[in-house]
Amino acid sequence: MCSQLMSLNLSMNCLCSLPPALGTLDNLVILNLWGNNLSSLPPEIGLLKKLRVLFACRNRLSEVPEELGSCTCLEVLSLANNQITGLPGSLAAMHSLTKLNLSHNRIVHIPTCVYSMKGLVFLHLACNRLETIADQIQDLVNLKILIVEGNSIHTLPKTLCFLESLELLNVDFNDLQNVPVEMYLLNRLGRLACHPLDKGLHIIHNPLLKPIQEVLQGGLSALYNYLKPT
């Protein structure tokens, strides 16, 4: 009977490990591992070919098994609040993934495999150790929400400004002193935003230099008018 399970909620159970038998649940669509003490995921998780949603946030994961890349039906993956420093290249095969949450980890560089996840609409990388965003960010053409607040990012690549579907860009609490002149292309941002859930551009909590800092006092439209070529 267990093999027919489509949803399994194991959250908040103080689990330290998962049995290899997890791989026999080959009809599983949703797996919730939130709030345990897992230091690893078993390689057998790669046998869950129908898995669409995986919540493994708030554990003690330091790495993700290569085998997870076999779960190519995954649409939502949350690995937030762990100790992860990177992702295996095998996850590049997750072309169905639309939401990826890697916030509150120990990631220094956005994993290369992320740039192959062309279906991503939501990418959350807040509170990591990022210093840069690679030019390949432009490959995520469907991205609507990008959250990288609370890192140590010094500059934004101009290729970020080619993501014309972006509706929310949160770069608050970084080390930005300037912005790319191409930022005016992000016309779906609409406004400067303050509340964390508001759509728009979140940028004011940065050591922005003059005149950008002064121009922003007039809102996003004032910034765009300043940046647009005459």
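- The name an unreviewed UniProt entry gives the protein chain is Leucine rich repeat containing 30, with Seriola dumerili as the organism.

### What about the overall build of the protein chain?
Thought 1: Helices and strands together make up the secondary structure of the protein chain, namely 2 helices and 9 strands.
Thought 2: Helices and strands appear in the protein chain in the N-to-C order β-β-β-β-β-β-β-β-β-α-α.
Thought 3: Whereas a compact globule of 230 residues would reach a radius of gyration of roughly 17 Å, the protein chain reaches 19 Å, a difference of no more than 12%.
Thought 4: Each principal axis of the C-alpha distribution contributes one length, and for the protein chain these read about 65 × 30 × 25 Å.
Thought 5: Residues counted as buried form 48% of the 230 residues belonging to the protein chain.

### Description of the sheet that holds strand 8 (residues 168–170)
Thought 1: If you trace the 9 strands from one edge of the open sheet to the other, you get 1-2-3-4-5-6-7-8-9, paired in parallel fashion. Strands with a single pairing partner mark the edges of an open sheet, and in this sheet they are strand 1 (7–9) and strand 9 (200–202). Within this sheet the neighbouring strands show an average axis-to-axis angle of 5°, counted without direction.

### A short note on unusual backbone geometry
Thought 1: With an omega of 5°, the peptide bond running from Lys-210 to Pro-211 counts as cis.
Thought 2: Relative to the elements of secondary structure, Pro-211 occurs in the loop between strand 9 and helix 1 (212–215).
Thought 3: Even without glycine at this site, Cys-14 takes up a positive phi of about 60°.
Thought 4: Summarising the element assignment, Cys-14 is placed in the loop between strand 1 and strand 2 (30–32).
Thought 5: Residue classification places Cys-14 among the exposed positions, given a relative accessible area of 58%.
Thought 6: The phi angle at Phe-173 is positive, at roughly 55°, despite the residue not being glycine.

### Some points on helix 2 (residues 220–227)
Thought 1: Buried within helix 2 we find Leu-220, Leu-223, Tyr-224 and Leu-227. Taken down its axis, helix 2 places every buried residue within 95° of arc, on the same side.
Thought 2: The inward-facing, buried residues of helix 2 abut strand 9 and helix 1.

### Re the nonpolar core
Thought 1: Grouped together as the largest cluster of nonpolar side chains are 68 residues, with contacts concentrated most on Leu-31, Leu-68, Leu-77, Val-114, Leu-169, Met-183 and Leu-223.
Thought 2: Those elements that provide at least two residues to this core are helix 1 and helix 2.
Thought 3: Sort the elements by how many residues they give to this core and helix 2 lands first, with 4 residues.
Thought 4: With residues near it in sequence (within four places) discarded, Leu-31 still touches Leu-8, Leu-22, Ile-45, Leu-48, Leu-51, Val-53, Leu-54 and Phe-55.

### Observations regarding a nonpolar patch on the surface
Thought 1: Residues Met-12, Trp-34 and Phe-55 make up a contiguous nonpolar surface patch of about 290 Å² in total accessible area.
Thought 2: Considering the arrangement of structural elements, one finds Met-12 in the loop between strand 1 and strand 2.
Thought 3: We classify Met-12 as exposed; its relative accessible area is 53%.

### Things to note about the side chain of Asn-82
Thought 1: Mapped onto the fold, Asn-82 is located in the loop between strand 4 (76–78) and strand 5 (99–101).
Thought 2: A polar side-chain atom of Asn-82 sits 3.1 Å from the main-chain carbonyl oxygen of Ala-56.
Thought 3: At 3.3 Å, the side chain of Asn-82 forms a polar contact with the backbone nitrogen of Arg-60.

### Here's the deal with the layout of surface pockets
Thought 1: Volume-wise, the largest pocket comes out at about 200 Å³.
Thought 2: What lines the largest pocket is Phe-122, His-124, Ile-145, Ile-147, Glu-149, Leu-168, Asn-170, Pro-196, Leu-197 and Lys-199.
Thought 3: Elements with a minimum of two residues in the lining of the largest pocket: strand 6 (122–124), strand 7 (145–147) and strand 8.
Thought 4: Within the lining of the largest pocket, the residues separate by chemical class into 6 nonpolar, 2 polar and 2 charged.

Definitions and cut-offs
Position labels on residues start from 1 in each chain and follow its written sequence. Per-residue local features are limited, in this predicted model, to residues with pLDDT of at least 70; the limit for side-chain atom pairs, both in listing and counting, is 80 or more; totals at the level of whole chains, interfaces and linings are taken over all residues. Side-chain metrics in this entry use all non-hydrogen atoms of the structure; hydrogen atoms and water are not considered. Under the scheme used here, helices are H or I runs from DSSP no shorter than 4 residues and strands are E runs no shorter than 2 residues, and both carry numbers assigned from the N terminus. The globule rule used here is 2.2 Å times the number of residues to the 0.38 power, and the radius of gyration it is set against is calculated over C-alpha atoms. Summary of the burial criterion: residues with accessible area below 20% of their type's maximum are buried, those above 50% are exposed, and those between are partly exposed, where the area comes from a 1.4 Å probe applied to protein chains only. At least two bridges found by DSSP between two strands is the condition for calling them paired. Axes, fitted as lines to C-alpha atoms, cover a helix only where it is in contact. Angles between the N-to-C directions of the axes lie from 0 to 180 degrees. Taken from the helix axis, the directions to the C-beta atoms give the arc we talk about. The criterion used for residue contact is that any of the two residues' heavy atoms lie within 4.5 Å. To qualify as a nonpolar core, a set must consist of buried Ala, Val, Leu, Ile, Met, Phe, Trp, Tyr and Cys residues joined through side-chain atoms within 4.5 Å. Each patch is assembled from residues with relative accessible area greater than 30% and no salt bridge, linking like charges that lie within 9 Å and nonpolar side chains (Val, Leu, Ile, Met, Phe, Trp, Tyr) that lie within 5 Å. What sets the accessible areas is the Shrake-Rupley method with a 1.4 Å probe; for residues, cover comes only from the shown protein chains. We define a salt bridge as a side-chain nitrogen of Lys or Arg found within 4 Å of a carboxyl oxygen belonging to Asp or Glu. A 3.5 Å cut-off defines polar contacts: any pair of N or O atoms within that distance qualifies, except that in protein one atom must be a possible hydrogen donor and the other a possible acceptor, and neighbouring residues in sequence count only when both atoms are side-chain atoms. Cavities and pockets were defined on a 1 Å grid built over protein atoms only: a cavity is a set of grid points that admits a 1.4 Å probe from which the probe cannot escape, a pocket is an open set flanked by protein on both sides within 12 Å along at least five of seven lines, and lining residues are those with an atom within 4 Å of any such point. Grid points are joined across faces, edges and corners, and a volume is the space filled by probe spheres set on the points. We call Asp, Glu, Lys and Arg charged. Ala, Val, Leu, Ile, Met, Phe, Trp, Tyr, Cys and Pro are nonpolar, and the rest, Gly among them, are polar.

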